[in-house]
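Structural features, examined
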Amino acid sequence: AQTVTQSQPEMSVQEAETVTLSCTYDTSESDYYLFWYKQPPSRQMILVIRQEAYKQQNATENRFSVNFQKAAKSFSLKISDSQLGDAAMYFCAYRRNFGNEKLTFGTGTRLTIIP
Amino acid sequence: EAGVTQSPTHLIKTRGQQATLRCSPISGHTSVYWYQQALGLGLQFLLWYDEGEERNRGNFPPRFSGRQFPNYSSELNVNALELEDSALYLCASSLIGGGNQPQHFGDGTRLSIL
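Report follows, based on the coordinates. (Residues numbered from 1 in each chain as written. Chains lettered and ligands numbered in written order. Predicted model: local features only at pLDDT ≥ 70, side-chain atom pairs only at ≥ 80, totals over all residues. Heavy atoms only, no water.)

1. Quick look at the overall build of chain B
Within chain B, the secondary structure is distributed over zero helices and 11 strands. Starting at the N terminus and ending at the C terminus, chain B contains elements arranged as β-β-β-β-β-β-β-β-β-β-β. Computed over the C-alpha atoms, the radius of gyration of chain B is 13 Å, within 12% of the 13 Å expected from 2.2 N^0.38 for a compact globule of 114 residues. Taken along the three principal axes of its C-alpha coordinates, chain B extends 40 × 25 × 25 Å. Taking all 114 residues of chain B together, the buried fraction comes to 51%. Carbon and sulfur atoms make up 49% of the accessible area of chain B, which amounts to about 5,200 Å² in all. Measuring between centres, the 8 positive side-chain charges of chain B sit 8 Å from its 10 negative side-chain charges. (Helix = DSSP H or I, 4+ residues; strand = E, 2+ residues; numbered from the N terminus. Rg over C-alpha atoms; globule rule 2.2 N^0.38 Å. Buried < 20%, exposed > 50% of the residue type's maximum accessible area, 1.4 Å probe, protein only. Areas by Shrake-Rupley, 256 points an atom, 1.4 Å probe, with all protein chains shown as cover. Lys, Arg positive; Asp, Glu negative; His and termini not counted. Charge placed at Lys NZ, Arg CZ, Asp CG, Glu CD.)

Structural data, given as structure tokens:
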């Protein structure tokens, strides 16, 4: 079974600074996707960024980028120029590339932005 | 384009009662997923429906069930409610295809068991 671990229950960062959220996962599959979702107090889960396991190049979306280390099964999220609107719970998720498989989530990291 | 919509926003029940939660997917999406987010825990996969069929279910007892209608909307039914069923229930939808098809989430239904 696949597992996703987020070892940082809470993180904080000064506004405009950079923060990195950690995620590790365990799987015996070779073909899969990794995701970061953001859940603000409004409750809706919002897709931040995704990474295909077969792509060596790290994904980037504006101020958000990932450091994907397949051999180490590590998938960290870097947020640059942190903004107050980035405050939220961040969830790392895994999904194998077979049909429309379920997402397996970590327990989340609560990110606080300090003005 | 309308997103995934869930109703009701909040549902209060007592132990032993039954709850029905509803979800309307994004237009064109055929797959609907249900997740449970209990306090302090991550999201746990409950059920996956596609084209009206249950495709997969998570490690939950049979009193958690659901269905998908011809218009791809879905219901989650929870029978014989227990206190530990109190949680945020999130619905997601996606297009059919491989794992790269992202799941889009609704705002959830907060189920409170008294």
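Moving on from the model shown.
2. As for the side chain of R63 of chain A
Turning to its location among the elements, R63 of chain A is positioned in the loop between β7 (60-61) and β8 (64-69). Within the structure, the side chain of R63 of chain A is placed 3.2 Å from the backbone oxygen of D81 of chain A, a separation counted as a polar contact. (Polar contact = N/O pair within 3.5 Å; in protein donor to acceptor, adjacent residues only side chain to side chain.)

3. Details of the pattern of salt bridges
All names here are of chain B. Under the defined criterion, the tally for this structure stands at nine salt bridges over all chains. Salt-bridge contacts for D50 lead to R55; the nearest nitrogen and oxygen are separated by 3.9 Å. Accessibility expressed as a relative area gives 44% for R55, which makes it partly exposed. In this structure, R67 and E75 form a salt bridge, with 3.3 Å as the shortest nitrogen-oxygen distance. (Salt bridge = Lys/Arg side-chain N within 4 Å of Asp/Glu carboxyl O.)

4. Quick notes on the interface of chain A and chain B
Accessible area lost on assembly of the parts is the figure often given for the size of an interface. Across the contact, 21 residues belong to chain A and 28 residues belong to chain B. Buried area between chain A and chain B, both sides added, is near 2,000 Å², and the carbon and sulfur share of it is 48%. Joining chain A to chain B, the criterion identifies zero salt bridges. Counting across the interface, chain A meets chain B through nine residue pairs in polar contact (both at pLDDT 80 or more). Of all elements in the fold, only β5 (32-39), β6 (46-52) and β10 (88-96) of chain A reach the threshold of two or more residues within the side of chain A that touches chain B. (Contact = heavy atoms within 4.5 Å. Buried area = accessible area lost by both parts, 1.4 Å probe.)

5. Observations concerning the pairing of strand β4 (residues 31-37) of chain B
Residue and element names in this part refer to chain B. Counting buried positions over the seven residues of β4 gives seven, a clear majority of the element. Along β4, one buried face is formed by S31, Y33, Y35 and Q37 and the opposite face, lined by V32, W34 and Q36, is buried too. One ladder, built from seven bridges, connects β4 with strand β5 (residues 43-50); its direction is antiparallel. Counted as the bridge partner of W34 is L47 from β5. With antiparallel pairing between neighbouring strands as the criterion, β4 and β5 make up a hairpin whose turn holds five residues, including G40 at a positive phi of roughly 80°. Bridge count between β4 and strand β9 (residues 87-94): seven bridges; the pairing is antiparallel. Bridging across to β9, V32 finds its partner in S93. (Pairing = 2+ DSSP bridges.)

6. A few points about the environment of R110 of chain B
Among the structural elements, R110 of chain B can be located in strand β11 (residues 109-113). With a relative accessible area of 31%, R110 of chain B lands in the partly exposed category. Each C-alpha atom, one on R110 of chain B and one on L88 of chain B, is 4.4 Å from the other, the two residues being 22 residues apart in sequence. Residues within four places of R110 of chain B in sequence aside, it is in contact with R43 of chain A together with T9, H10, L11, A87 and L88 of chain B.

7. Here's the deal with the sheet that holds strand β7 (residues 64-68) of chain B
Residue and element names in this part refer to chain B. Pairing is antiparallel in the open sheet, where four strands are placed in the order β1-β3-β8-β7. Each edge of the open sheet is held by one strand with a lone partner, namely β1 (5-7) and β7. Adjacent strand axes in the sheet meet at a mean angle of 20°, parallel and antiparallel pairs treated alike. (Axes fitted to C-alpha atoms, helices over the stretch in contact; angles between N-to-C directions.)

8. A few points about the nonpolar core
Counting 25 residues, the largest nonpolar core has Y25, W36, F75, L77 and Y90 of chain A as the members making the most contacts within it. Elements with a contribution of two residues or more to this core: β3 (19-21), β5, β6, β8, β9 (74-79), β10 and β12 (109-114) of chain A. When residues of this core are assigned to their parent elements, the largest contribution, four residues, is made by β10 of chain A. Core analysis: the next-biggest nonpolar cluster, separate from the first, contains 22 residues, L21, C23, A38 and F64 of chain B among them. (Core = buried A, V, L, I, M, F, W, Y, C linked by side-chain atoms within 4.5 Å.)

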